[in-house]
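The primary structure of each chain is shown beneath.
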Amino acid sequence: MSSHSDREKEKSKRETHEPEVVFSSEPEPVLEESDPAAVGAQFAEAHKQLLAEKKELMETLLRRQADFENYRKRVEKEKHHERHRGVSSLIEHLLPVLDAFDRALAFEDASSADYRKGFELIRRQLWDVLAKQGLVRIESVGKQFDPNFHHAIERVETPEHEEGTVIGEMQPGYMFHDRVLRPAMVRVASPAHPAHASKHGEK
């Protein structure tokens, strides 16, 4: 009895653990070979997309480089202008010193010849320093009056000069890097009054 019972248990154990194998009557699907034309078209499309992305990246890079170059130039320009403003302000404060030397040298005195040589030397040294920074004296006498460069403080009636001609300079004007730092104070010729002209002719 025990032997029969053992066989029944063993049979039951095998039926529980062994998987059931099911055979299908349907045939297995057969993989079709890829179409070379379709594969080539897909490759061409992928290549075209990669080229477009590369072109877009290059254009973006060029734009970024151009933006950076413009930024660098703008910063350099601002630094340049800032430096010029500082130098311009300093030179503007030194112009009265230059005027003082010019007035001293305009005074003729034989007894002060040695002092004059010293003034001339110092004035020349000061001018050389300012000129190297970009200071230029405005030419006035003999030129036509220009309100951009001249400031008329007197009009003189005279038949000897064309109307509007600068005939005298009371204070020199200066330019700094194409900008008028100080206009020249000048005397300008104007047409002589007819009565004055006739008197001048009689003489």
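Throughout, a residue's number is its position along its own chain's written sequence, starting from 1. Only residues with pLDDT of 70 or above have their local features reported here, since the model is predicted, and side-chain atom pairs are shown and tallied only from 80 upward, although totals for entire chains, interfaces and linings are computed over all residues. As a convention, hydrogens and water are excluded, and side-chain values are obtained from all of the structure's heavy atoms.

Enquirer: Got a minute to help me understand the packing of aromatic side chains in this structure?
Expert: Any pair of aromatic rings gets described here by the distance separating the centres and the angle formed by the planes. Only centres within 6.5 Å qualify two rings of Phe, Tyr or Trp (six-membered ring in Trp) as a pair; their planes then separate them into stacked at under 30 degrees, edge-to-face at over 60, and tilted for everything else. Under the counting rule described, the total for this entry stands at two aromatic pairs. Ring geometry for Phe-101 and Phe-119: centres 6.1 Å apart, planes at 80°, overall edge-to-face. Residue Phe-101 is located in helix H2 (residues 36-106), and its partner Phe-119 is located in helix H3 (residues 113-132); the two are separated by 18 residues in the primary sequence. Exposure classes here rest on a 1.4 Å probe applied to the protein chains alone. A residue is buried below 20% of its type maximum, exposed above 50%, and partly exposed in between. For Phe-119, a relative accessible area of 35% translates into the label partly exposed. With a centroid separation of 6.0 Å and 45° between ring planes, the pair formed by Trp-127 and Tyr-174 is classed as tilted. In this pair, Trp-127 is assigned in helix H3 and Tyr-174 in strand S4 (residues 174-176), connecting sequence segments 47 residues apart. By definition, being over a ring means that NZ of Lys or CZ of Arg is both within 6 Å of the ring centre and within 35 degrees of the ring normal. Note that Arg-155 overlies the ring of Phe-145, its terminal NZ or CZ placed 6.0 Å from the centroid. Secondary structure elements are defined from DSSP: runs of H or I of at least 4 residues count as helices, runs of E of at least 2 residues count as strands, and each element is numbered from the N terminus.

Enquirer: Looking at this structure, I do not really get H3. What am I missing?
Expert: To estimate the expected span of a helix, subtract one from its residue number and multiply by 1.5 Å. In a regular helix each residue adds 1.5 Å, so 20 residues correspond to 28 Å; H3 covers 29 Å between its end C-alpha atoms and thus fits that length. Three or more residues of H3 are buried, namely Arg-123, Leu-126 and Leu-130. Take H3 and look down its axis: the buried residues cluster within an arc of 65°, on one side only. Every exposed residue of H3 that faces more than 90 degrees away from the buried side is listed here: Asp-114, Lys-117 and Lys-132. Just beyond H3, the residue with positive phi is Gly-134, at close to 115°. This arc describes the spread of directions from the helix axis toward the C-beta atoms.

Enquirer: Could you clarify how one ought to interpret the sheet that holds S4 in this entry?
Expert: The three strands lie next to each other as S1-S4-S5, forming an open sheet whose pairing is antiparallel. Every interior strand has two partners, whereas the edge strands, strand S1 (135-137) and strand S5 (179-182), have only one. Across this sheet, the average inter-strand angle for adjacent strands is 35°, counted without regard to direction. When DSSP finds two or more bridges between two strands, those strands count as paired. For S4 and S5, the ladder comprises three bridges, and the chain directions are antiparallel. Of the residues in S5, the one forming a bridge with Met-175 is Val-180. Contacts from H3 reach S1 and S4, with the element oriented near 120° to S1. What counts as an axis is a line fitted to C-alpha atoms, over the stretch in contact for a helix, and the angles between N-to-C directions run from 0 to 180 degrees. When checking whether two residues touch, look at their non-hydrogen atoms; a contact exists if any pair is within 4.5 Å.

Enquirer: Explain the sheet that holds strand S3 (residues 166-171) here, please?
Expert: The strands making up a sheet associate through backbone hydrogen bonding, with each pair oriented either parallel or antiparallel. Spatial strand order, S2-S6-S3: three strands in an open sheet with mixed pairing. Two strands in the sheet have a free side with no partner beyond their single neighbour: strand S2 (150-157) and S3. Ignoring strand direction, the axes of neighbouring strands in this sheet form an average angle of 30°. Looking at chain direction, S2 and strand S6 (residues 184-190) are connected through seven bridges and run parallel. Following the sheet pairing, Glu-154 is matched in S6 by Arg-187.

Enquirer: Is there a simple way to explain the side chain of Ser-190 in this structure?
Expert: Its place among the elements puts Ser-190 in strand S6. Not counting residues up to four positions away in its chain, the partners in contact with Ser-190 are Arg-155, Val-156, Glu-157, Thr-158 and Glu-163.

Enquirer: Can you help me understand the pattern of salt bridges in this one?
Expert: Side-chain pairing between opposite charges can occur once the charged atoms of the two side chains come close. For this document, the term salt bridge refers to a Lys or Arg side-chain nitrogen within 4 Å of an Asp or Glu carboxyl oxygen. Counted under the stated rule, the structure contains eight salt bridges. Measuring nitrogen to oxygen at the nearest pair gives 2.8 Å for the salt bridge that ties Asp-99 to Arg-182. Taken together, the positions of Asp-99 in helix H2 and Arg-182 in strand S5 put the pair 83 residues apart, joining distant regions of the chain. The same class applies to Asp-99 and to Arg-182, which are both buried.

Enquirer: Looking at this model, I keep getting lost on the environment of Lys-117. Mind explaining?
Expert: Mapped onto the fold, Lys-117 is located in helix H3. Taking C-alpha positions, Lys-117 is 9.2 Å from Leu-105, a pair spaced twelve residues apart along the chain.

Enquirer: In this structure, what is going on with unusual backbone geometry? I would like to understand it.
Expert: The phi torsion of most residues other than glycine is negative, and most of the peptide bonds are trans. In this structure, His-177 takes a positive phi of about 50° despite not being glycine. Along the polypeptide, His-177 turns up in the loop between S4 and S5. When its relative accessible area of 41% is taken as the criterion, His-177 is described as partly exposed. Within the chain, Asp-178 stands out as a residue other than glycine whose phi angle is a positive 65°.

Interpretation note: all reported values are geometric properties and have no functional meaning in isolation.
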